[in-house]
2 protein chains.
Amino acid sequence: MNARSRGRPAGGGGDKRGLLIAAARRQFAAKGYEVASLRSIATDAGVDVSLVSHYFGDKAGLLVATLELPFDPIDRLESALSGDRASMAQRIVRTFLTSWDPHREVFATLFRVNVAAPSSRSPLIDLVREIPATFLAQRLEGANRQLRALAFASELIGLAAVRYVARIEPVASAPVDDLVLVYAPSMQVLLDP
Amino acid sequence: MNARSRGRPAGGGGDKRGLLIAAARRQFAAKGYEVASLRSIATDAGVDVSLVSHYFGDKAGLLVATLELPFDPIDRLESALSGDRASMAQRIVRTFLTSWDPHREVFATLFRVNVAAPSSRSPLIDLVREIPATFLAQRLEGANRQLRALAFASELIGLAAVRYVARIEPVASAPVDDLVLVYAPSMQVLLDP
């Protein structure tokens, strides 16, 4: 568990946490992730707004909770971000693959449901917008930081789409080490142009 | 028109071409792209098999024809592949974006229909398998050529998924020049590690 980890508290409060998640799902669906405010979500849930940061860290953490992912992608990303700068892409690609490989069916289903959605209002798309903008761009230096952070995310998505959804060889069955070897040097260029 | 261009012939033969496309659609759907043979497609169409290369160049060209794309992606790729090696990724990214930007709705629809398909048998997935394996890998040198060629394609797909399908800013509205500037140096590493 790292410092940021937003966990299920050891005892009590589970109900308020669940009420917040249910309200967030309603509000994100009705208004969209960017418009729905933490205050309106807390009001909808009948819970004090300060509990959002207590349970979820921030709005992105609340979004992650609504998706019921098999792991917390923000915790994983933050672990991968810390450490030697020159091997950051290596760590992120490896963390992404070792996190999702055991859940490739979950990824494929999430991808299909969210991409196939007739509306462009999708929690997975919100997550792809939010994570690079909030957690990666601030670590970058130089020009076009937001664009480079999202480009980095898009290359990971392309990898995952081919490995988990379309399942095209040789990417579908390649060992994680081989994929890290091939993708990381390419993606590192986006972090340090 | 380049040397490879597979065109609609100036006169006559349109019917045989159409019969081949219809038969290819049937055979690809029934057997899958890799299993369906040109001979069985020609037999199904009641047309001599030699006409496949005449009209479509090869099996990949026939697959492209069944998709009724707004342009021929193989012709475009081959134009982009010719020329200075060090700027190959630049040319491919620019060609891809200037080809698809005017048809972003077509891309999004193709992507949704093919990715959302319950079966993994999809002509777009066949195309993503076939184009890098056939046209790009042979231009590469060094280790992991098939993997690097598909990785290159996957990064383009990630870009297109974010720009045309999910429409996430700042990638969705960025000028082509900015995207070439950001993506091409990253993707060039896959061509020349």
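Residues numbered from 1 in each chain as written. Chains lettered and ligands numbered in written order. Predicted model: local features only at pLDDT ≥ 70, side-chain atom pairs only at ≥ 80, totals over all residues. Heavy atoms only, no water.

### Some words on the relation of the copies chain A and chain B
Consideration 1: Of the two same-sequence chains, chain A is brought onto chain B (RMSD 0.0 Å, axial shift 0.0 Å) by a rotation of 180 degrees. Between the two chains, the operation in question is that of a two-fold axis. Across chain A, the rotation axis passes nearest the C-alpha of Gly158(A), at a separation of 1.9 Å. (Least-squares fit on C-alpha atoms with pLDDT ≥ 70 in both.)

### Here we look at the pattern of salt bridges
Consideration 1: Summed over the entire model, instances satisfying the criterion amount to 18 salt bridges over all chains.
Consideration 2: A salt bridge links Asp192(A) to Arg85(A); the shortest N-O distance between them is 3.2 Å. Here Arg85(A) lies in the loop between α5 (73-81) and α6 (88-100) and Asp192(A) lies in the segment after α10 (176-191), a separation of 107 residues in the sequence.
Consideration 3: When its relative accessible area of 37% is taken as the criterion, Asp192(A) is described as partly exposed.
Consideration 4: The exposure class of Arg85(A) is partly exposed, given its relative accessible area of 26%.
Consideration 5: Across the pair Arg163(B) and Asp101(B) runs a salt bridge, and its minimum N-O distance is 2.8 Å. (Salt bridge = Lys/Arg side-chain N within 4 Å of Asp/Glu carboxyl O. Helix = DSSP H or I, 4+ residues; strand = E, 2+ residues; numbered from the N terminus. Buried < 20%, exposed > 50% of the residue type's maximum accessible area, 1.4 Å probe, protein only.)

### Brief notes about unusual backbone geometry
Consideration 1: Cis peptide bonds are those with omega within 30 degrees of zero, and the linkage from Glu169(A) to Pro170(A) qualifies with 10 degrees.
Consideration 2: Following the sequence through the fold, Pro170(A) ends up in the loop between α9 (145-165) and α10.
Consideration 3: In this structure, Asn144(B) is a non-glycine residue whose phi angle is positive, near 55 degrees.
Consideration 4: One can find Asn144(B) in the loop between α8 (123-136) and α9 (145-165).

### Focus: the interface of chain A and chain B
Consideration 1: Each side of the interface is counted separately: chain A has 37 residues, and chain B has 37 residues.
Consideration 2: A buried area of about 3000 Å², summed over both sides, lies between chain A and chain B, and 77% of it is on carbon and sulfur atoms.
Consideration 3: The interface formed by chain A and chain B contains five residue pairs in polar contact (both at pLDDT 80 or more).
Consideration 4: The dominant element in the side of chain A that touches chain B, judged by the number of residues it contributes, is α9(A), at twelve residues.
Consideration 5: Here the residues of the side of chain A that touches chain B are counted per class, giving 26 nonpolar, five polar and six charged. (Contact = heavy atoms within 4.5 Å. Buried area = accessible area lost by both parts, 1.4 Å probe. Polar contact = N/O pair within 3.5 Å; in protein donor to acceptor, adjacent residues only side chain to side chain. Nonpolar A, V, L, I, M, F, W, Y, C, P; charged D, E, K, R; others polar.)

### Observations concerning the packing of aromatic side chains
Consideration 1: Under the counting rule described, the total for this entry stands at 15 aromatic pairs over all chains.
Consideration 2: The ring of Tyr33(A) has Lys59(A) lying over it, and the distance from NZ or CZ to the ring centre is 4.8 Å. (Phe/Tyr/Trp six-rings, centres within 6.5 Å; stacked < 30°, edge-to-face > 60°. Lys NZ or Arg CZ within 6 Å of the ring centre and 35° of its normal.)

### Description of helix α4 (residues 59-67) of chain B
Residues and elements named next belong to chain B.
Consideration 1: Extensive coverage of α4 is indicated by the burial of eight of its nine residues.
Consideration 2: Within α4, burial applies to Ala-60, Gly-61, Leu-62, Leu-63, Val-64, Ala-65, Thr-66 and Leu-67.
Consideration 3: For α4, the side-chain oxygen to backbone nitrogen distance between the N-cap and Ala-60 is 3.3 Å, and the N-cap itself is Asp-58.
Consideration 4: Two residues or fewer past α4, Glu-68 is found with a positive phi of approximately 50 degrees.

### Let's talk about the nonpolar core
Consideration 1: With 150 residues, the main nonpolar core has Leu20(A) and Leu20(B) as its most contacted residues.
Consideration 2: When neighbours within four sequence positions are excluded, Leu20(A) is seen to be in contact with Ile41(A), Ala42(A), Ala45(A), Val47(A), Leu51(A), Val52(A), Tyr55(A), Phe56(A) and Leu62(A). (Core = buried A, V, L, I, M, F, W, Y, C linked by side-chain atoms within 4.5 Å.)

### Describing the environment of Arg39(A)
Consideration 1: Take Arg39(A): it is sitting in helix α2 (residues 38-45).
Consideration 2: When the C-alpha positions of Arg39(A) and Ala161(A) are compared, they lie 35 Å apart, and in sequence the two are 122 residues distant.

### Digging into the packing of helix α8 (residues 123-136) of chain A against α9(A)
All names here are of chain A.
Consideration 1: Running from amino to carboxyl end, α8 crosses α9 at an angle of 130 degrees, the nearest separation of the two axes being 9 Å. Here α8 lies oblique to α9, going by the angle between them. Here the hand of the crossing between α8 and α9 comes out right-handed. Here Val-128, Pro-132, Ala-133 and Leu-136 of α8 come into contact with α9, specifically with Gln-146, Ala-149, Leu-150, Phe-152, Ala-153 and Ile-157.
Consideration 2: The residue inventory of the contact of α8 with α9, partitioned by class, reads nine nonpolar, one polar and no charged. (Axes fitted to C-alpha atoms, helices over the stretch in contact; angles between N-to-C directions. Parallel < 35°, antiparallel > 145°, perpendicular 65-115°, else oblique. Left-handed = near helix turned anticlockwise from the far one by under 90°.)

### With respect to the packing of α9(A) against helix α10 (residues 176-191) of chain B
Angle between the axes and distance between the axes are the two parameters that describe a pair of packed helices.
Consideration 1: It is the contact of α9(A) with α10(B), at a shortest axis distance of 11 Å, that shows an interaxial angle of 50 degrees. By the angle between their axes, α9(A) is oblique relative to α10(B). Handedness of the crossing formed by α9(A) with α10(B): right-handed. Residues Leu147(A), Arg148(A), Leu150(A), Ala151(A), Ser154(A) and Glu155(A) of α9(A) form the contact with α10(B), whose participating residues are Asp178(B), Leu179(B), Val182(B), Tyr183(B), Ser186(B) and Met187(B).
Consideration 2: Split into classes, the residues belonging to the contact of α9(A) with α10(B) amount to seven nonpolar, two polar and three charged.

### Concerning the environment of Ser186(A)
Consideration 1: Mapping Ser186(A) onto the fold places it in helix α10.
Consideration 2: According to the relative accessible area criterion, Ser186(A) is buried, its value standing at 0%.
Consideration 3: When the C-alpha positions of Ser186(A) and Phe152(A) are compared, they lie 9.6 Å apart, and in sequence the two are 34 residues distant.
Consideration 4: Once residues lying within four places of it in the same chain are set aside, the contact partners of Ser186(A) are Glu155(A), Glu155(B), Ser186(B), Met187(B), Val189(B) and Leu190(B).

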